[in-house]
Structure formats: C-alpha cells, structure tokens
Amino acid sequence: MGVTIHYRGRLTDIQDINPLCDELAMVAERMGWTFTRLDEDWSKPANATIEVTPRGSQIDGHLPLKGIQLTPHPKCETLQFYFDSDGSLCSLVNMAMISEGSLKPEDVWVSVKTQFAGPETHVWIIGLLKYLKEHYIRDLEVDDEGEYWETGNLQTLTAKMELIDEKIDIFSNELS
C-alpha cells in the first residue's frame, strides 16, 4: 500500500545501454545514492526461478539483463533500469516470472514505491523518468499513482501521500 510509480518501455537504441548506465551511475554518485550495475550475458536464455525459503524468497538461475538499479532514499524501493536483449525494461522478479512462464513479456511493468520517501523523492524520480523518455526511452509509459507525471501538481501528490499515511496509521492502530 502506498503511492507507486509504474513504468515500461524499450531503449530507443540498444547501443545506448552503457552510456545510460554510466550517466545514471554518475547521477547516483553525485546524489550520494547507492547503485548496483548488472551486466549479464544476453545470449544465454533465462532459466531463473523464484525459490521460497524459510528466510524469504530468492531468485536462482540466470537472468539475461543489463542495466542499473538506484536507491534514491533509504525509505524508497529501488529504481530499476534493467533491460532484456530486446532493450525492454524488466525487473529481476519480472524476468524470473517470465522464465517460469507465469508472466508474458508484453505485460511487464517495473514499479517503485515512493510513499515512505516523501514527495521530494517522488518528484525527483518523475523528473529522471521524463529525462530518460526524452533521451533514451522514447516510448516510455508511466502510470503515476501520485498523478505528478501527468499534472506536475505537487499539492495533489502530497495530498495522496498524506491520505495513505493516515489510512496506514488507522489500520496500524486497529491492529494493535
């Protein structure tokens, strides 16, 4: 539960994968964010599965993805820019689900929950997505539950986040 940004698209030019990752790594370094790069072999087929263990879930096997993930705020989910061999955005979990046959590639959306990181982080991520749409992923689609992508209205975004915070507090109080 919480305001989330969903996005999907394909690199306009697959040759831009390394310049995109270099640019995003530079942004992360300058902002003091953590990041992880992935450079797996696209020529090998995916054979990953999601394994459930007593300590949680893990992905086992090969995921043919290249890209980078950023952590823009300690209370924000990771912002993933991993691409398959066709240049389509794909998360690690999505690729494992495709490998298992439980998700079709055309149904893939990548998501980042910003609810607990606040409006400033949400706005920053939307700005980054707009930049990537202009320079690297021209067909990028974004479904922003905070409506900031569509409207640029900070008041609407803040009101949505505050409403969900209130509902979470009420629900937590009821449970305790």
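The sections below set out a description of the structure shown in this document. Per chain, residues are indexed from 1 in the order of the written sequence. Reporting in this predicted model follows two pLDDT cut-offs: at least 70 for local features of residues, and 80 or more for side-chain atom pairs to be given and counted; totals over whole chains, interfaces and linings ignore these cut-offs and use all residues. The basis for the side-chain values is all heavy atoms of the structure; hydrogens and waters are excluded.

**Overview of the overall build of the chain**
What the chain contains, in helices and strands, is five helices and eight strands. Numbering of helices and strands starts at the N terminus; helices are DSSP runs of H or I of at least 4 residues and strands are runs of E of at least 2. When its helices and strands are written in sequence order, the chain yields β-α-β-β-β-β-β-α-β-α-β-α-α. Computation of the radius of gyration draws on C-alpha atoms, with the globule rule given as 2.2 Å multiplied by the number of residues to the power 0.38. Rg of the C-alpha trace for the chain: 17 Å, near the compact-globule value of 16 Å for 176 residues, within the 12% margin. With the principal axes as the frame, the chain shows a C-alpha extent of 50 × 40 × 30 Å. Burial status across the chain gives 39% buried among its 176 residues. In the chain, the share of contacts with a sequence separation of at least 24, taken over all contacts with a separation of at least 6, comes to 65%. When the accessible surface of the chain is split by element, carbon and sulfur atoms take 50% of a total near 9900 Å². Neither His nor the chain ends contribute to the count of charged residues, in which Lys and Arg are positive and Asp and Glu negative. Where a charge lies is defined by one atom per residue type, namely NZ (Lys), CZ (Arg), CG (Asp) and CD (Glu). Separation of charge centres in the chain, based on 15 positive and 30 negative side chains, amounts to 1 Å. Relative accessible area decides the class of each residue, using a 1.4 Å probe on protein chains only: under 20% of the type maximum gives buried, over 50% gives exposed, and in between gives partly exposed. Residues count as neighbours in contact if any of their non-hydrogen atoms are within 4.5 Å of one another. For accessible areas, the Shrake-Rupley method is used with a probe of radius 1.4 Å. Any residue's cover is judged against the shown protein chains and nothing else.

**Describing the packing of helix α1 (residues 17–31) against helix α3 (residues 119–135)**
Two elements in contact, α1 and α3, have axes whose closest approach is 13 Å; the angle formed by their N-to-C orientations is 155°. Of the possible angle classes, the one that applies to α1 and α3 is roughly antiparallel. The way α1 lies across α3 gives a crossing that is right-handed. Mapping the contact onto sequence places Leu20, Glu23, Leu24, Val27 and Met31 in α1 and Trp124, Leu128, Tyr131 and Leu132 in α3. Any residue outside Ala, Val, Leu, Ile, Met, Phe, Trp, Tyr, Cys, Pro, Asp, Glu, Lys and Arg is labelled polar, Gly included; the first ten of those are nonpolar and the last four are charged. Of the residues belonging to the contact of α1 with α3, the class tally is eight nonpolar, no polar and one charged. Structural elements are reduced to axes, namely lines fitted to C-alpha atoms, with helices fitted over the stretch in contact, and the angle between N-to-C directions of any two is expressed from 0 to 180 degrees. Note that the term roughly parallel is reserved for angles under 35 degrees, roughly antiparallel for angles over 145, roughly perpendicular for angles of 65 to 115, and oblique for everything else. By convention the crossing between two helices is left-handed if the near helix lies anticlockwise of the far one by an angle smaller than a right angle, and right-handed if it lies clockwise.

**Observations regarding the packing of α3 against helix α5 (residues 154–175)**
Taken N-terminus to C-terminus, the directions of α3 and α5 make an angle of 130°; their axes are 10 Å apart at the nearest point. Here α3 lies oblique to α5, going by the angle between them. As α3 packs across α5, the resulting crossing turns out to be right-handed. Side by side, α3 and α5 meet where Pro119, His122 and Val123 of the first sit next to Leu154, Leu157, Thr158 and Met161 of the second. Among the residues making up the contact of α3 with α5, the classes are represented as five nonpolar, two polar and no charged.

**Let's talk about the sheet that holds strand β5 (residues 66–71)**
In this description, strands pair whenever DSSP reports at least two bridges between them. The strand order across the open sheet built from three strands is β2-β5-β6, with neighbouring strands paired in antiparallel fashion. Only two strands of the sheet have a single partner each, and these edge strands are β2 (34–39) and β6 (79–83). Strand-to-strand twist across the sheet, computed as the mean angle between neighbouring axes with direction ignored, equals 5°. Pairing of β2 with β5, which is carried by six bridges, proceeds in the antiparallel orientation. Opposite Leu38, over in β5, you have Gly67 as the bridge partner.

**A word on α5**
A helix's residues, less one, multiplied by 1.5 Å, set its expected span. Taking 1.5 Å of rise per residue, the 22 residues of α5 would be expected to cover 32 Å, and the 32 Å separating its terminal C-alpha atoms lies within 8% of that figure. The backbone nitrogen of Gln155 has a side-chain oxygen 2.8 Å away, supplied by the residue at the start of α5, namely Asn153. Here a polar contact is taken to be a pair of N or O atoms separated by no more than 3.5 Å, where protein atoms must pair a possible hydrogen donor with a possible acceptor and residues adjacent in sequence count only if both atoms sit in side chains.

**Comments concerning the sheet that holds strand β1 (residues 4–8)**
Ordered by their spatial adjacency, three strands build an open sheet running β7-β1-β8, and the pairing between neighbours is antiparallel. On the outer flanks of this sheet lie β7 (110–113) and β8 (141–144), each paired with one strand and no other. The sheet shows a mean angle of 15° between the axes of neighbouring strands, direction not considered. Judged from the four bridges that link them, β1 and β8 form a sheet pairing that is antiparallel. Paired with Ile5 across the strands is Asp144, a residue of β8.

**Digging into the nonpolar core**
Of all hydrophobic cores here, the largest spans 35 residues; its most connected members are Tyr7, Leu70, Phe81 and Leu129. Listing elements by their share of this core, those giving two or more residues are β1, α1, β5, β6, β7, α3, α4 (148–151) and α5. Looking at which element gives the most residues to this core, the answer is α1, with seven residues. Discounting residues that sit within four places of it in the chain, Leu129 has contacts with Ile5, Tyr7, Phe81, Leu140, Val142 and Trp149. Put simply, a nonpolar core is a bunch of buried Ala, Val, Leu, Ile, Met, Phe, Trp, Tyr and Cys residues held in one set by side-chain atoms that sit within 4.5 Å of each other. With nine residues, the next largest nonpolar core counts Ala48, Leu63, Ala96 and Val108 among its residues.

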